[in-house]
Amino acid sequence: MPKIFRDPSFDSTLDVLREGYPFLYNRSQRFDSDIFQIRLMGLPAICLHGAEAAELFYNPKLFIRKGAVPRRVQTTLMGVDAIQTRDNGEHRCRKEMFMALMGPASRERLMSLLAGEWQRYAHRWEQLDKVVLFREAQEILCRAACAWAEVPLAEDEVSKRARDFGDMVDGFGGVGPRHWRGKQARSRGEKWMRSIIRAIRKGKLPVREGSPAHTVAWYRDADGELLDVQMAAIELLNATRPIVAIATYITFAALALHEHPAYRQLLRNPADDYAEVFVQEVRRYFPFTPFVGAIVREDFTWHGFQFPKGTMVLLDVYGTNRDERQWPDPEVFWPERFRQWQDNPYDFIPQGGGEYLTGHRCAGEWITIEAMKQAVAFLNDGIRYDVPAQDLYYDLTRMPTLPASGFVLTNVRATG
Ligand code: PAM
């Protein structure tokens, strides 16, 4: 029986933080293998890379999520015991609730709210000396996400709530102050959402049936019970915060437009949906999620390698999106590569792979793609702007990462 190659390092926890996104990718290349083992926080972890391994990882019969998400990620990004950590019928039932919010009419409503906000902000930006796109996009997305979810948001709360959503995301790979900021943002966010859930259930806050706030507040879990107020608050954050997180991809899309201005013309061709391949390449090329984890459900073997029950398994998201077998010249930004892509749910996994309903693939992936296409069209044609000298470097050892300046625009003129 073949043995899984072990990284000679005694424990890799510090190396993960030191190397950041390419940690697993570096090793899969160094060991020339799609599977190897490390020790992480003192425990063995089997690491997987590439499409074939992703297909294994996303088989819900072989893996569970309970116990796979570090507590520090739950207390900042996702919420403790939220859908991302659930399995079996419990996960399926809750995922149906999230997917019910992702239908065409609901997505269209969100996109139309977003379109209005981009227009409004464009006129505001004309009065400003400079605009930090990342921060402004977070506010725009926060306003639209709350309006879409029917979560009331007073004008004087907007920047604070947008910042809190952002800090929850920013906390997932942070230690020290960044982690604490993420935790505090989550505490405030959960308190806010608890008050909304209570108000809806007491009939004090009227919300439309089918809206995200109504759906979460009145959702009955697999056991037929309403979620407790805290869990409902966590899941309402899970329906809204990831929309604000799209600001990261929008900022990277602005960077791509800046670094490859030739695409501006191609994006204007009405006969071609070039925006689709452009935003897919942004999601492939620029880093967001470094890896995801799961736990082996029962002993099994794969290609003769043993996976003992209870072992932590990590899937290399960053490296799978630059696997040369599927993505030749992975370090070249080249949207046309997506013309040939066969929609394989395992070789391109920026927001997870596999199935939406039965698996842990991000429910908001379609929203992400549509919001990015809209933002790219807006940056290309909705405004004119200058990009002054600034620090556009994004540090791969920081998770999540972003161009250091947040992408500054000056001399903004709205075209509409
Ligand atoms: C959201 O949920 O708001 C969308 C953004 C999610 C992106 C990151 C997902 C990260 C998942 C696991 C990360 C573990 C990394 C730990 C690094 C030390």
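Calculation notes
Throughout this description, residue numbers start from 1 for each chain and increase along the sequence as written. Residues qualify for local features only when their pLDDT is at least 70, as the model is predicted, and side-chain atom pairs are given and counted only at 80 or more; totals for whole chains, interfaces and linings, by contrast, use all residues. Side-chain descriptors were evaluated using all non-hydrogen atoms of the structure, hydrogens and water having been removed beforehand. Helix and strand assignments follow DSSP, with helices taken as H or I runs no shorter than four residues and strands as E runs no shorter than two, numbered in order from the N terminus. Under the convention used throughout, the expected extent of a helix is 1.5 Å for every residue step, that is, one less than its residue count. Whether a residue is buried, partly exposed or exposed follows from its accessible area with a 1.4 Å probe, protein chains only, as a fraction of its type maximum: under 20%, in between, or over 50%, in that order. In this description, one arc is meant: the one made by directions from the helix axis to the C-beta atoms. Residues are treated as being in contact if the distance between any of their heavy atoms lies within 4.5 Å. Points on a 1 Å grid, built from protein atoms alone, make a cavity when a 1.4 Å probe fits but cannot get out and make a pocket when they are open with protein on both sides within 12 Å along at least 5 of 7 lines; residues with an atom within 4 Å of a point are the lining residues. Grid points are joined across faces, edges and corners, and a volume is the space filled by probe spheres set on the points. Put simply, a residue is near a molecule or strand once any heavy atom of it comes within 4 Å of that molecule or strand. In protein, a polar contact means a hydrogen-donor-capable atom and an acceptor-capable atom, both N or O and within 3.5 Å, with residues adjacent in sequence counting only if both atoms are side-chain atoms; elsewhere, any N or O pair within 3.5 Å suffices. Accessibility throughout is a Shrake-Rupley quantity obtained with a 1.4 Å probe, and a residue counts as covered only by protein chains that appear here. Side-chain classes follow a simple rule in which Ala, Val, Leu, Ile, Met, Phe, Trp, Tyr, Cys and Pro form the nonpolar group, Asp, Glu, Lys and Arg form the charged group, and the remainder, Gly included, forms the polar group. For two strands to count as paired, DSSP must find a minimum of two bridges between them. As a rule, the C-alpha atoms of each element are fitted with a line to give its axis, helices using only the stretch in contact, and angles between N-to-C directions run from 0 to 180 degrees.

S.K.: Could you clarify how one ought to interpret helix α6 (residues 104-125) in this entry?
M.R.: Counting along an α-helix, one turn takes 3.6 residues, and residues three or four places apart therefore face a common direction. Its 22 residues give α6 an end-to-end C-alpha distance of 31 Å, which sits within 8% of 32 Å, the value for a rise of 1.5 Å per residue. All of the buried residues in α6 are Ser-106, Arg-107, Leu-110, Met-111, Leu-114, Glu-117, Trp-118, Tyr-121, Ala-122 and Trp-125. Within α6, the buried residues cover an arc of 140 degrees as seen down the axis, which keeps them to one side. More than 90 degrees from the buried face of α6, the exposed residues found are Ala-105, Glu-108 and Ser-112. Against the buried residues of α6 lie β4 (130-132), α7 (133-149), α11 (229-259), α15 (365-382), β9 (383-386) and β10 (408-414).

S.K.: I keep staring at empty space enclosed by the protein and nothing clicks. Help me out?
M.R.: Summary: where empty space remains is shown by rolling a probe the size of a single water molecule over the atoms. Scanning the entire structure with this criterion turns up 1 cavity of 30 Å³ or more. Its boundaries defined by the atoms lining it, the largest cavity holds a volume of some 60 Å³. As for the largest cavity, its lining consists of Tyr-249, Arg-283, Arg-284, Phe-286, Pro-287, Phe-288, Thr-289, Val-317, Tyr-318, Asn-321, Arg-322 and Pro-350. Where the lining of the largest cavity is concerned, the elements lending two or more residues are α13 (274-285) and α14 (317-320).

S.K.: What exactly am I supposed to notice about unusual backbone geometry here?
M.R.: Peptide bonds are mostly trans, and most non-glycine residues show a negative phi. That bond from Met-399 to Pro-400 is cis: its omega, -5 degrees, falls within 30 degrees of zero. Among the secondary structure elements, Pro-400 is positioned in the loop between β9 and β10. Within the chain, Glu-150 stands out as a residue other than glycine whose phi angle is a positive 65 degrees. Turning to its location among the elements, Glu-150 is positioned in the loop between α7 and α8 (158-170). We note that Asp-343 has phi near 60 degrees; this positive angle belongs to a residue other than glycine. Note that Asp-343 resides in the loop between α14 and α15.

S.K.: I tried to follow the site of the ligand on my own but got confused; where do I start?
M.R.: Around the ligand, the structure places Leu-77, Val-169, Phe-172, Arg-241, Pro-242, Ala-245, Phe-288, Thr-289, Phe-291 and Met-399. Contact distances for the ligand include 2.7 Å between an oxygen atom and a side-chain N or O atom of Arg-241. Bound to the protein, the ligand loses 82% of the 530 Å² it would expose on its own. For the shell around the ligand, the element with the most residues is α11, which contributes 3 residues. Tallied by class, residues from the shell around the ligand come to 8 nonpolar, 1 polar and 1 charged.

S.K.: Where do I start with the pairing of strand β8 (residues 312-316) in this structure?
M.R.: Counting buried positions along β8 gives 4 out of 5 residues, so the element sits mostly inside the fold. Note that strand β2 (residues 43-48) and β8 share 4 bridges and pair parallel. By the bridge assignment for β8, Leu-48 is matched with Leu-315.

S.K.: Got a minute to help me understand the environment of Gln-390 in this structure?
M.R.: By the secondary structure assignment, Gln-390 is in the loop between β9 and β10. Under the relative-accessibility criterion, Gln-390 is labelled partly exposed at 23%. Residues Gln-390 and Val-408 lie 18 residues apart in sequence; the distance between their C-alpha atoms is 7.3 Å. If sequence neighbours within four positions are ignored, Gln-390 has contacts with Ser-405, Phe-407 and Val-408.

S.K.: What is the right way to read the sheet that holds β10 from this model?
M.R.: Adjacent strands of a sheet form backbone hydrogen bonds with each other and so pair up, either parallel or antiparallel. Ordered in space as β4-β10-β9, the 3 strands form an open sheet in which the pairing is antiparallel. Looking along the sheet, the strands with just one partner apiece sit at the ends: β4 and β9. Neighbour to neighbour, the strand axes of the sheet diverge by 50 degrees on average, direction disregarded. Contacting β4, β9 and β10, α6 crosses the sheet at an angle of about 105 degrees to β10. Docked against the sheet, α15 engages β9 and β10, running at close to 75 degrees with respect to β9.

By themselves these figures say nothing about function.
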